[in-house]
Amino acid sequence: MKGDFREKFGRGLVLGGAWTVLAFLILPMVVIFPVSVTDQYYLSMPKDGISLAHYAAFFTNEIWLSATAQSVIIATCSTIFAVILGSLCAIGCWRLSTGLSESVRTFMLIPIIVPTIVQALAMYRFWIDLGIIDTYVGVILAHTLVAIPYVIITVSASLANFDLRQEQAARSLGASMPQTIRWVIVPSILPGVLSGALFAFTISFDEIVMVLFITSRAIYTLPKRIWNGIEDHLDPTIAAVATMLIAVTLALLLLDLWTRHRRQQRLRAAAAEE
Amino acid sequence: MAETALASRPEPQSRASHSLSIRSLSKYYGSLAAVDDVSLEVRQGRFLTLLGPSGSGKTTILMATAGFVQPSAGEILLDDKPITNLPPDKRNFGMVFQGYALFPHMSVEDNIWFPLRVRGVSKSAAAKSVATSLELVQMAHLAKRLPTQLSGGQQQRVALARALVFQPDLLLLDEPLSALDKKLRADLQWELKSLHARLGTTFIYVTHDQEEALSMSDEIVILRDGKIEQQGDPVALYERPATRFVADFLGKSNFIRGQSAGGDAQGFRVKAGEVTLHQAGSQAADQPVLIALRPEKLSVTRARPDLPNAIPGRIAAFNYYGSTFHLQVETGALGDLIVTVPAWKCEIDPAIGNEVWLGWEPDASVVVRDN
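Not measured: the values here are computed from a predicted model.

Rules of the game
Residues numbered from 1 in each chain as written. Chains lettered and ligands numbered in written order. Predicted model: local features only at pLDDT ≥ 70, side-chain atom pairs only at ≥ 80, totals over all residues. Heavy atoms only, no water. Helix = DSSP H or I, 4+ residues; strand = E, 2+ residues; numbered from the N terminus. Buried < 20%, exposed > 50% of the residue type's maximum accessible area, 1.4 Å probe, protein only. Areas by Shrake-Rupley, 256 points an atom, 1.4 Å probe, with all protein chains shown as cover. Contact = heavy atoms within 4.5 Å. Lys, Arg positive; Asp, Glu negative; His and termini not counted. Charge placed at Lys NZ, Arg CZ, Asp CG, Glu CD. 1 Å grid on protein atoms, 1.4 Å probe; cavity = no way out; pocket = protein on both sides within 12 Å on 5 of 7 lines; lining within 4 Å. Points joined across faces, edges and corners; volume = space filled by probe spheres on them. Nonpolar A, V, L, I, M, F, W, Y, C, P; charged D, E, K, R; others polar. pLDDT = per-residue confidence, 0-100.

(A) The overall build of chain B, seen in detail. Scanning chain B from N- to C-terminus turns up 9 helices and 20 strands. On the principal axes, the C-alpha backbone points of chain B span a range of 75 × 45 × 35 Å. For chain B, with 371 residues in total, the buried portion stands at 53%. Surface exposure of chain B reaches about 16500 Å², of which carbon and sulfur atoms provide 50%.

Given below as structure tokens:
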């Protein structure tokens, strides 16, 4: 009897702890949603009913739209650069596959290890000398640098599964190296490249520390606008923007999961058929 | 049975056959010689097998022929035309890989179209060739499948069709059957041999499996530590191994060490401990000799056999394989000898401890170089 109670109590404690942690992680995000549909003019819970006025405010306010556009431009450009440079680096290291290329690959992961604020400070000093403070070029460059390691990681992972004999087979069948890359290697590592692109875009889209350091008046990305909005006046439009950001991120995540699931299902179906 | 199935399949267009010369080929990795001064002639239309244990250099020779390994020294010629520095895609050799190396994102027919596609042939123009190749390997009904949806044997057929569809000058095969189970491997051996006979293309086949080498090849080259140990047709190699290594690697052998002791036109005597054996051939007296004796060439009887070589022994162990018994017989004077006897006409009772006589003719054994 007593042992039974103790076991139940222990179980309850563990479960309760787990749910508390989960709630702690999720609730702040969930709270954002009711705040975004408040009928008041400051950050608060809805009082007399719900209103979509703050969503409307977002879509009619030149400041918010311009910030979104800037973020999209910066994220798109740095994604493109990070994917090209990161993939080439990963393919190069994979092809060479020497001790040196391994160290290069490890070296490229430094932006993940070094604290962002340290990097931001370093970039601030350096960008001043280069004269690219508060420009698109400066921000895109910074975001490309932090996104490259993620692309290298995802592309290297798919290359690790690529059978070198496929490349040899293509060459022996008469394909030149460019033909082999286009028709054999790239299609095989495409999932890794796309995954890397997704990471790069997300990282650039919600990066704020560097943006605060290396921009002033000309560049206003969405996270920076939210930050300023909280400082200046507690406009519930911030909650609306945050809700939409969460929705978009969630949609991308689900898309990634769904494509992965489909691939796995296809493979499992193939295995079952065999 | 496999051959009747093959006979009904369409004949491919006849294709020109080519010869290959490998001259003083060496490949060093640091100070290690993977291939050490190997010269080899592959006559047109032959099925030549490079056979050896891992690390013997067989795959390096094949890879140098395919163009994936740059030789440290030596030359490779196709019909007397040097190809040593030609990139792999300019050599026009078909290659079948261990593990097949099919392109996983392409269907079976797109895989086979690939070599024609890189040569600028559109899919519709290639349709007929692709279909003929698929027929050739009995895979026409699975043309739309993805490689992951095929069994190992089916994937290997597709890989073969892909390597043959562009009418290559040579077909290189790198342990193509090693990933398959034993029964399937045997079936595909029949098919490969028959395919070779019908196409007339020169085949160069790499394997570590002596059974594959014996069953399919016109010629076998046995490699050891980057050098050619012995080469010849399968029967010559099996019946007359020149060295201990060959006698042991190709099939199984018992080895008897002794001292030559004079002889006549029929042969010579070999003193092995207290036993004197009769061996065909000739040898100067008082030389150390090593005799290799195939397990299936020994007779096992209850009574002393009427053979020039006979020795009593006791069964120490036996294994049953359905068609054969493998007996391990303790002879004392000659050590343990392994004997293979057909199970259906085994005269003795194969039980551990039973006394038996072993016997063999002087020409059943061969003298080999010890190395």
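There is more to say, and it comes next.
(B) Spatial organisation of the overall build of chain A. Of the regular secondary structure elements, chain A holds 12 helices and 0 strands. Starting at the N terminus and ending at the C terminus, chain A contains elements arranged as α-α-α-α-α-α-α-α-α-α-α-α. Each principal axis of the C-alpha atoms in chain A carries an extent, and together these give about 75 × 75 × 35 Å. Classification of the 274 residues of chain A by burial places 38% in the buried group. Summarising the internal contacts of chain A: among those between residues at least 6 apart in sequence, 69% fall at separations of at least 24. Of the roughly 16200 Å² of accessible surface on chain A, 71% is carried by carbon and sulfur atoms. If the 19 positive side-chain charges of chain A are averaged to one point and the 18 negative ones to another, these points end up 8 Å apart.

(C) Looking closely at empty space enclosed by the protein. Residue and element names in this part refer to chain B. A full pass over the atoms with the stated rule returns 3 cavities of 30 Å³ or more. A volume near 50 Å³ is recorded for the second largest cavity. Tyr238, Glu239, Pro241, Ala247, Ser253, Ala292, Leu293, Arg294, Lys297, Ala364 and Val366 are the residues that line the second largest cavity. Of all the secondary-structure elements, those providing two or more residues to the lining of the second largest cavity are helix H8 (234-239) and strand S14 (288-293). Here the residues of the lining of the second largest cavity are counted per class, giving 7 nonpolar, 1 polar and 3 charged.

(D) Structural detail: the confidence of the model for chain B. Residues and elements named next belong to chain B. Put simply, chain B has an average pLDDT of 90, and 96% of its residues get 70 or more. No element of chain B has a lower mean pLDDT than helix H1 (residues 2-7), which averages 41, and none a higher one than strand S3 (residues 47-51), which averages 96. Throughout residues 1-14 the model reports pLDDT below 50, and contacts reaching past four residues in sequence, or to other chains, amount to 21 contacts. Listed scores for the predicted complex are pTM 0.76 and ipTM 0.81.

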